[in-house]
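Chain and residue survey
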There are 2 protein chains.
Amino acid sequence: LNRAQMRQAQKRLDSLTKPPGSLGKLEEIAVQLAGISGELLPQVDNKYHVVMAGDHGVVEEGVSAFPQQVTTQMVYNFLNGGAAVNVLAEQAGAEVAIVDIGVAQEIEGENLLNRKVKYGTDNLAVGPAMTREEAISSLEVGIEVVEDLIKQGANLIGTGEMGIGNTTSSSAILATSTDLSLEQIVGYGTGIDEAGLEKKKKVIAQALEVNQPQVNDGLDILAKVGGLEIGGMAGVMLGAAAHRVPVIIDGLISGAAALIAHKIEPQVSNYLLPSHQSVEPGHIKIYEALDLEPLLDLEMRLGEGTGAVLSMNLVEAAANIINGMATFSEAGITVED
Amino acid sequence: LNRAQMRQAQKRLDSLTKPPGSLGKLEEIAVQLAGISGELLPQVDNKYHVVMAGDHGVVEEGVSAFPQQVTTQMVYNFLNGGAAVNVLAEQAGAEVAIVDIGVAQEIEGENLLNRKVKYGTDNLAVGPAMTREEAISSLEVGIEVVEDLIKQGANLIGTGEMGIGNTTSSSAILATSTDLSLEQIVGYGTGIDEAGLEKKKKVIAQALEVNQPQVNDGLDILAKVGGLEIGGMAGVMLGAAAHRVPVIIDGLISGAAALIAHKIEPQVSNYLLPSHQSVEPGHIKIYEALDLEPLLDLEMRLGEGTGAVLSMNLVEAAANIINGMATFSEAGITVED
């Protein structure tokens, strides 16, 4: 982060026609954007949202309320513009990039980015989800996708995902990365019942026992209990940070990707912006681990990056404040001291 | 509210391609919009934000961090597009209407709605802020302004204000309307210090003692300890509700106007949408009194309706969800049961 530019940004914010600090978190975001971009007047006018789609072998344990083919069906729904994330991205003025990084079925579509690393992960309850090489490939896909968007002028990136079974994988990542118990972490995902929740906890406990992911090795965690779309999002975060472009994290799964990215390169968290707080109980723990605070608490639990896209308006608003407001002297306003 | 249409809206939301309820408060807003408008597919595409400006005689007691002339200077800043509310309204795609309903000085401007009822209120610490007739006039101005906007097609209205000294008046309204103590209600406004806060509490206590506003008479409270811009905003709420158009309340002052409107016509609260939670301690109490929950908590305390305008994107997003998402059957998605 460019600390000198952050101090200049705070100084400018204090000269604008409002009581100092009265725009609260919007001012904090504006300062962070200045630090990330190195620009006193950061621009947020070219927004892209990346949805990574991948399947999870662990669904054969019965941990999800929806069958695996829904991943494929939802990717087609994204491509046709009918999903929540399409509608919300349009409202926020963001383009959506859909990436098949590991869906179990073949998918074709004009606007689909086909970057399949593997036809879904293996069942993490009985062995590693993927090899270390496959995990590296998933990160590389994310880095390449985001670099292409940045070449097209992207100055704000949202992260989202689709993958039936991926709250199980994400909870396993969170359990490995923190001291929290599975009771504190594991939630209902897209809507399993109490018996399903107990099964999900058992499956995660078994996965941790079988795989023994190494707490300080982000790549090891990703390979053993992660997912292809999680690796893809972690790659997006690492790639965006390397190019000094802010990235918005979304819910539990995108947050798990942020934990992986953070283990690989701790500085990445300076380039992450929070969005909403999900209903999933583990999610707030991820924000705490990354020293971030959510901007929205709308009791959402949908995924796709819906929370990230909703927050884009707030980030754009923060940038517009420091760019567009008049100063006290420009407006000829009396300031007592 | 049209309850039948609200049930239909909930049914439609449950048929869309997402786990039922997974968009949380956005779904609640969509249902409320259907109930307000009577339309299954409510439109939010014509947004207007009304800023009511008025002065307060009580500033002669020294209750504000800024001198009275800042009200006038800020109105010119609004007219020139340099204030926070201008920048945020533009980001939200909303038109801004600036109304001089009671500024102490003369103001001229091409885009100013000149509806001055009085050149600022009288000092409420020594007598009523205005007459009952003036209070009625302020409500009428708000009703007329919003009716004009609705004729122009407005389907979402934001409320905001400018008036040095108006957190004092708003806190007096809140103290009259609830059982809360001044300790629980009164805050730092735009930035007074500890001594200023003590003085502000004393002034409000004196105003209540001198005026004895009647708890069940909204008009009496408005006249005795209210403000012209507060009456104007209450009129906007009453007028919008009468035409089945949703209105977003903002911070402490807009909330005080909502309390007045609610005392005049309790059904108005069905047509109010919440926005942010302000730093002012009394603000959350207003939400509780109106049975609303804030959508945003960004630690803001600026006024002007900045929180209302920021929330417009969320309200529009909620409307777009029910209008724009595909159903499970349209998308050909497998639903287990």
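Since we're looking at a predicted model, the values are computed, not measured.

A separate point is the overall build of chain A. Looking only at helices and strands, one finds 14 helices and 6 strands in chain A. Scaling as 2.2 N^0.38, a compact globule of 337 residues should have a C-alpha radius of gyration of about 20 Å, and chain A matches this with 20 Å. Over its C-alpha atoms, taken along the principal directions, chain A stretches across nearly 70 × 45 × 35 Å. Looking at chain A as a whole, 64% of its 337 residues are labelled buried. Counted over contacts in chain A with a minimum sequence separation of 6, partners at least 24 positions apart contribute 75%.

What holds strands together in a sheet is hydrogen bonding between their backbones, with the strands either parallel or antiparallel. All names here are of chain A. With parallel pairing, 6 strands are arranged side by side in an open sheet as 3-2-1-4-5-6. Taken across any chain shown, the strands that pair with only one partner, and hence form the sheet edges, are strand 3 (112-114) and strand 6 (272-273). Along the sheet face, helix 3 (residues 69-79) touches strand 1 (47-54), strand 2 (94-102), strand 3 and strand 4 (156-162) and points at about 145° away from the line of strand 4.

With that settled, the discussion passes to the environment of Gly35(A). All names here are of chain A. Relative to the helices and strands, Gly-35 resides in helix 2 (residues 24-37). According to the relative accessible area criterion, Gly-35 is buried, its value standing at 0%. For Gly-35 and Gln-206, which are 171 residues apart along the polypeptide, the C-alpha to C-alpha distance reads 43 Å. Setting aside residues up to four positions removed in sequence, Gly-35 forms contacts with Leu-1, Asn-2, Met-6 and Arg-244.

Quite often, the size of an interface is put as the accessible area lost when its parts meet. Residues and elements named next belong to chain A. By domain assignment, chain A separates into domain 1 (3-42 + 322-331) and domain 2 (47-314). Computed over C-alpha atoms only, the centres of domain 1 and domain 2 are separated by 32 Å. With 9 residues of domain 1 at the interface, the matching set in domain 2 holds 11 residues. In this assembly, domain 1 and domain 2 are joined by 1 salt bridge. We note a salt bridge from Glu-293 to Lys-25, for which the minimum N-O separation is 3.2 Å. At the junction of domain 1 with domain 2, the criterion picks out 5 residue pairs in polar contact (both at pLDDT 80 or more). The class makeup of the residues in the side of domain 1 that touches domain 2 is 4 nonpolar, 4 polar and 1 charged.

Our next topic: the relation of the copies chain B and chain A. Under the fitted operation, chain B is carried onto chain A by 0.0 Å of movement along the axis and a turn of 180°, and the coordinates agree to an RMSD of 0.0 Å. Here the two chains are linked by the operation of a two-fold rotation axis. Using C-alpha coordinates, one finds that chain B approaches the rotation axis most closely at Leu296(B), a distance of 3.1 Å. Counting the interface residues of chain B, we find that 100% of their copies in chain A are interface residues as well, pointing to one common contact surface.

On to the pairing of strand 4 (residues 156-162) of chain B. Put simply, side chains in a regular strand alternate between the two faces of the sheet. All names here are of chain B. The element strand 4 is extensively covered by neighbouring structure, given that 7 of its 7 residues are classed as buried. Of the two faces of strand 4, the one holding Leu-156, Gly-158, Gly-160 and Met-162 and the one holding Ile-157, Thr-159 and Glu-161 are both buried throughout. As paired elements, strand 1 (residues 47-54) and strand 4 share 7 bridges and run parallel to each other. Along strand 4, the bridge assignment pairs Val-50 with Thr-159. In the sheet, strand 4 pairs with strand 5 (residues 247-248) via 2 bridges, with the strands oriented parallel. Residue pairing across strands places Gly-158 opposite Ile-248, the latter belonging to strand 5.

Attention now moves to the side chain of Asn313(B). Residue placement: Asn313(B) occurs in helix 13 (residues 306-324). Side chain to side chain, Asn313(B) and Gln91(A) meet in a polar contact 3.0 Å long.

For the rest of this paragraph, the subject is helix 3 (residues 69-79) of chain B. Along an α-helix, residues three or four positions apart point the same way, because every turn accommodates 3.6 residues. In terms of burial, helix 3 of chain B is largely enclosed, as 8 of its 11 residues are buried. Along helix 3 of chain B, the positions that sit buried rather than exposed are Val70(B), Thr71(B), Thr72(B), Gln73(B), Met74(B), Val75(B), Asn77(B) and Phe78(B). For helix 3 of chain B, the secondary structure elements touched by its buried residues are helix 14 (328-331) of chain A together with strand 1, helix 4 (84-92), strand 2 (94-102), strand 3 (112-114) and strand 4 of chain B. Residue Gly81(B) follows helix 3 of chain B closely and has a positive phi angle near 80°.

So, on to the environment of Ile36(A). Residue position: Ile36(A) is located in helix 2. Sequence-distant contacts of Ile36(A), that is, excluding residues within four places in its chain, are made with Leu1(A), Arg244(A), Val245(A), Pro246(A), Asn270(A) and Tyr271(A).

This next bit is on the pattern of salt bridges. All chains considered together, the criterion is met by 20 salt bridges over all chains. The salt bridge partner of Glu183(A) is Lys201(A), with a shortest N-O separation of 2.9 Å. You can see Glu183(A) sitting in helix 7 (residues 182-185) and its partner Lys201(A) sitting in helix 8 (residues 194-211), a full 18 residues away along the chain. A residue is classified by how much of its surface remains accessible, and Glu183(A), at 56% relative accessible area, is exposed. Looking at Lys201(A), the relative accessible area reads 10%, which means it is buried. With a shortest N-O distance of 3.3 Å, Lys118(B) and Glu134(B) are connected by a salt bridge. Highlighted residues: Lys118(B) in the loop between strand 3 and helix 5 (132-151) and Glu134(B) in helix 5, separated in sequence by 16 residues. With respect to burial, Lys118(B) and Glu134(B) carry one shared label: buried.

Before going further, it helps to examine the interface of chain B and chain A. The partner chain A presents 53 residues to the 53 residues of chain B that form the contact. Approximately 4,200 Å² of surface area, both sides summed, lies buried where chain B meets chain A, with 64% of it carried by carbon and sulfur atoms. The tally of links from chain B across to chain A stands at 0 salt bridges. Counting across the interface, chain B meets chain A through 14 residue pairs in polar contact (both at pLDDT 80 or more). Counting residues per element, the ones that place at least two in the side of chain B that touches chain A are helix 2 (24-37), helix 3, helix 4, strand 8 (296-300), helix 13 and helix 14 (328-331) of chain B. Residue contributions to the side of chain B that touches chain A peak at 9 residues, all from helix 13 of chain B.

All names here are of chain B. An order of 3-2-1-4-5-6 is seen for the 6 strands of this open sheet, with the pairing classed as parallel. Pairing within the sheet leaves two strands with one partner each, and these edge strands are strand 3 and strand 6 (272-273). The pairing of strand 1 with strand 2 spans 8 bridges and is parallel. Paired with Lys-47 across the two strands is Ala-94, which belongs to strand 2.

What follows covers helix 10 (residues 228-242) of chain A. Residue and element names in this part refer to chain A. Along its 15 residues, helix 10 runs 21 Å from first to last C-alpha, staying within 8% of the 21 Å computed at 1.5 Å per residue. The element helix 10 is largely enclosed, with a buried count of 14 among its 15 residues. Of the residues one or two after helix 10, Arg-244 is the one with positive phi, at around 60°.

A general trend in soluble globular proteins is that nonpolar side chains are found buried together. Counting 112 residues, the largest nonpolar core has Leu310(A), Ile321(A), Leu310(B) and Ile321(B) as the members making the most contacts within it. Every residue in contact with Leu310(A), bar those within four places of it in the chain, is listed here: Leu88(A), Leu296(A), Leu298(A), Met300(A), Leu26(B), Leu314(B) and Ala317(B). In this structure, Leu222(B), Leu238(B), Val247(B) and Ala257(B) belong to the second largest nonpolar core, which totals 66 residues.

Thresholds applied
Residue positions are given per chain, counting from 1 as you read along its sequence in written order. The order in which chains are written sets their letters, starting at A; the order in which ligands are written sets their numbers, starting at 1. Under the rules for a predicted model, residues below a pLDDT of 70 receive no local features and side-chain atom pairs below 80 are neither given nor counted, while totals for whole chains, interfaces and linings still include all residues. Remark: hydrogens and water are excluded; side-chain values derive from all non-hydrogen atoms of the structure. Runs of E in the DSSP output that reach at least two residues are strands. Runs of H or I that reach at least four are helices, and both are numbered from the N terminus. Throughout, the radius of gyration refers to the C-alpha atoms, and the reference size of a globule is 2.2 Å times the residue count to the power 0.38. Note on exposure labels: buried denotes an accessible area under 20% of the residue type's maximum, exposed denotes more than 50%, and partly exposed covers the range between, all computed with a 1.4 Å probe on protein chains only. What makes two residues a contact is simply this: any of their non-hydrogen atoms within 4.5 Å. Two strands make a pair as long as DSSP finds a minimum of two bridges between them. Between N-to-C directions, angles cover 0 to 180 degrees, with each direction set by a line fitted to C-alpha atoms, over the stretch in contact for helices. These domain boundaries are the output of an automatic or database domain assignment. Salt-bridge detection follows one rule: a side-chain nitrogen of Lys or Arg within 4 Å of a carboxyl oxygen of Asp or Glu. We define a polar contact as two N or O atoms separated by no more than 3.5 Å, with the added condition that, inside protein, one atom must be a possible hydrogen donor and the other a possible acceptor, whereas residues neighbouring each other in sequence contribute only through side-chain atom pairs. Residue polarity follows a fixed list, in which Ala, Val, Leu, Ile, Met, Phe, Trp, Tyr, Cys and Pro are nonpolar, Asp, Glu, Lys and Arg are charged, and the others, Gly among them, are polar. Here the copies are superposed with least squares, the fitted atoms being C-alpha atoms of residues at a pLDDT of at least 70 in both. A 1.4 Å probe defines the accessible area here, and the buried area is the portion of it lost by two parts on being joined, summed over both. Multiplying 1.5 Å by the helix residue count minus one yields the expected span of that helix. In this text, buried Ala, Val, Leu, Ile, Met, Phe, Trp, Tyr and Cys residues form a nonpolar core when linked through side-chain atoms within 4.5 Å.

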